[in-house]
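The primary structure of each chain is shown beneath.
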Amino acid sequence: MSTNDGAGRISRTDDAILKLKAMITDGELPAGSRLPREADLAARLGLSRNSLREAIRALAMLRILDVRQGDGTYVTSLEPTLLLDTMGFVVDFQQEDSVLHFFEVRRILEPAATAMATHRITDEKLAVLEETLALGGPDASVETLVQQDILFHQTIADASGNPVLRALISGLSAPTLRARIWRGYDDTDARARTVAEHRQIFDALVAGQADVACACATVHIAGVEGFVRRAMAAGTAGA
């Protein structure tokens, strides 16, 4: 898939997310409500069913929507103000460089949290991290890969033992989610690289090597940040 194809797909998904966001924040879909049937909702919003599905997947990753197999999709119990904050990631990726600022902060905070987690992580959380490594196999979808990435980083933030740091890192996840999805579609090596880098972080945590875990986390986050910078530069050059 070319960069333009990836950008087009993301743009259509953005449109779907914005329309769902409006329905939620305007109170048309209050907390706990069930989304209309997919075909009806797509027609009502003027969206393709594929774009609507991708938007629902993205919002489900952020726990804004709850997809219940065999029952339907529901709006979670998040307060409207939290929904607004969480969905700040839909700012146009091509026109705004604010996403880079979020990555810069992630690159500062997450390695520190990873180092702290080295001495505090429990066997249970190590088991969760190990399970996520299996989710990013060669046959995994981009959505599964991103879900694995989110769970991996959230688990380490939890293991840091610092609730303030955990909350800050959680808040940084949403604004960078879109770039991570884009990278998954556009960078054919992203899946293998992500799993390998997660494995390096995991091994350092198991070994209790705080400095190594910190360095691996820095390299990992900087890799995605570098992709975003290159993609934005290419878009600017072609404008």
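Residues numbered from 1 in each chain as written. Predicted model: local features only at pLDDT ≥ 70, side-chain atom pairs only at ≥ 80, totals over all residues. Heavy atoms only, no water.

If you look the protein up in an unreviewed UniProt entry, it shows as GntR domain protein from Tsukamurella paurometabola.

### Side note on the nonpolar core
For the record, the criterion: Throughout this description, the term nonpolar core refers to a set of buried Ala, Val, Leu, Ile, Met, Phe, Trp, Tyr and Cys residues connected via side-chain atoms within 4.5 Å. The rule is simple: take the accessible area with a 1.4 Å probe, protein chains only, and divide by the maximum for that residue type; under 20% is buried, over 50% is exposed, in between is partly exposed. Each helix corresponds to a stretch of at least 4 residues labelled H or I by DSSP, and each strand to a stretch of at least 2 residues labelled E; elements are numbered beginning at the N terminus. The domain limits used here are those given by an automatic or database domain assignment. The contact rule is simple, with two residues in contact once any of their heavy atoms fall within 4.5 Å.
Judged by nonpolar contacts, the single largest core of 25 residues is most densely connected at Leu 20, Leu 35, Leu 41, Leu 52 and Leu 65. Considering each element in turn, this core owes the most residues, 6 residues, to helix H3 (residues 49-61). If you count residues domain by domain, this core takes at least three from each of domain 1 (12-75) and domain 2 (81-237). With residues near it in sequence (within four places) discarded, Leu 41 still touches Leu 20, Met 23, Leu 35, Pro 36 and Leu 52. Judged by nonpolar contacts, the second largest core, of 15 residues, contains Ile 121, Leu 126, Leu 133 and Phe 202.

### Here's the deal with the pairing of strand E2 (residues 72-75)
Both faces of the sheet carry side chains from a regular strand, because those side chains alternate between them. Test applied: Strand pairing is assigned whenever DSSP detects at least two bridges linking the two strands.
When strand E1 (residues 65-68) meets E2, the two strands line up antiparallel, connected through 4 bridges. The partner of Val 67 across the bridge, within E2, is Thr 73. Between E1 and the antiparallel strand that follows it, E2, lie 3 residues; Gly 70 among them carries a positive phi value of about 80 degrees.

### Here we look at the confidence of the model for the protein
Let me state the cut-off plainly: Confidence of the predictor in every single residue is expressed as pLDDT, which spans 0 to 100.
Scored by pLDDT, the protein has a mean of 80; 79% of the residues are at 70 or more. Confidence scores differ between elements of the protein, with helix H4 (residues 80-86) showing the lowest mean pLDDT of 47 and helix H6 (residues 123-135) the highest of 92. Predicted confidence is poor over residues 1-8, with pLDDT under 50, and the contacts of this stretch with residues over four places away or in other chains come to 10 contacts. Confidence drops under pLDDT 50 across residues 80-95; counting only partners more than four residues distant or on other chains, this segment forms 32 contacts.

### Thoughts on the environment of Ala 204
With respect to the helices and strands, the residue Ala 204 is situated in helix H9 (residues 190-207). Take Ala 204: its relative accessible area is 2%, and that puts it in the buried class. Spatially, the C-alpha atoms of Ala 204 and Cys 214 are 8.8 Å apart, while their sequence positions differ by 10 residues. Aside from chain neighbours lying at most four places away, what touches Ala 204 is Thr 118, Gln 209, Val 212 and Ala 213.

### Here we look at empty space enclosed by the protein
Selection criterion: Cavities and pockets are defined on a 1 Å grid built over the protein atoms alone: a cavity is a set of grid points where a 1.4 Å probe fits but cannot escape, while a pocket is an open set with protein on both sides within 12 Å along at least five of seven lines, and lining residues are those with an atom within 4 Å of any such point. Grid points are joined across faces, edges and corners, and a volume is the space filled by probe spheres set on the points.
Taken as a whole, this structure holds 4 cavities of 30 Å³ or more when the rule is applied. By volume, the largest cavity is sized at about 160 Å³. Taken together, 14 residues line the largest cavity, and the ones lying closest to its centre are Asp 149, Arg 180, Arg 183, Thr 194 and Val 224. Those elements that place two or more of their residues in the lining of the largest cavity are helix H5 (98-118), helix H7 (142-159), helix H8 (163-186), H9 and helix H10 (210-237). Top element by residues in the lining of the largest cavity is H7. It accounts for 4 residues.

### Remarks on the environment of Ala 42
In this fold, Ala 42 is placed in helix H2 (residues 38-45). On the accessibility criterion, Ala 42 (3% relative accessible area) is buried. Expressed as a C-alpha distance, the spacing of Ala 42 and Arg 53, which sit 11 residues apart in the sequence, is 9.2 Å. Apart from the residues within four sequence positions on either side, Ala 42 is in contact with Leu 47, Ser 48, Arg 49 and Leu 52.

### What about H7?
Here is the rule: In this scheme, a helix's expected span is set at 1.5 Å multiplied by one less than its residue total.
Taking 1.5 Å per residue as the helical rise, H7 with its 18 residues ought to reach 26 Å, and the 26 Å between its terminal C-alpha atoms agrees with that figure. Where burial is concerned, most of H7 is hidden: 13 out of the 18 residues are buried. Once H7 finishes, Gly 161 follows within two positions and takes phi at roughly 80 degrees, a positive value.

### Description of H2
Keep this limit in mind: In this context, the arc is that of the directions from the helix axis out to the C-beta atoms.
Among all positions of H2, only Leu 41, Ala 42 and Leu 45 are buried. All buried residues of H2 project into a common sector of 100 degrees when viewed along the axis, lining one side. Relative to its buried face, H2 has exposed residues pointing more than 90 degrees away, namely Ala 43 and Arg 44. Downstream of H2 by a residue or two, Gly 46 has a phi angle that is positive, lying close to 70 degrees.

### Structural notes on the packing of aromatic side chains
Under the convention used in this document: Only the six-membered ring of Trp is used, alongside the rings of Phe and Tyr, when aromatic pairs are assigned; centres must lie within 6.5 Å, and planes under 30 degrees apart are stacked while those over 60 apart are edge-to-face, with the rest tilted. The criterion is that NZ of a Lys, or CZ of an Arg, lies within 6 Å of the ring centre and within 35 degrees of the ring normal, and then a charge sits over that ring.
Evaluation of the coordinates by the stated rule reveals 0 aromatic pairs. For the cation-ring pair, Arg 68 lies above Tyr 74, with the distance from its terminal atom to the ring centre recorded as 3.9 Å.

### Observations regarding the side chain of His 198
Rules: A 3.5 Å cut-off defines polar contacts: any pair of N or O atoms within that distance qualifies, except that in protein one atom must be a possible hydrogen donor and the other a possible acceptor, and neighbouring residues in sequence count only when both atoms are side-chain atoms.
Relative to the helices and strands, His 198 resides in helix H9. At 3.1 Å, the side chain of His 198 and the side chain of His 220 are in polar contact. Those residues in contact with His 198 that lie beyond four places of it in its chain are Leu 133, Gln 148, Asp 149, Phe 152, His 153 and His 220.

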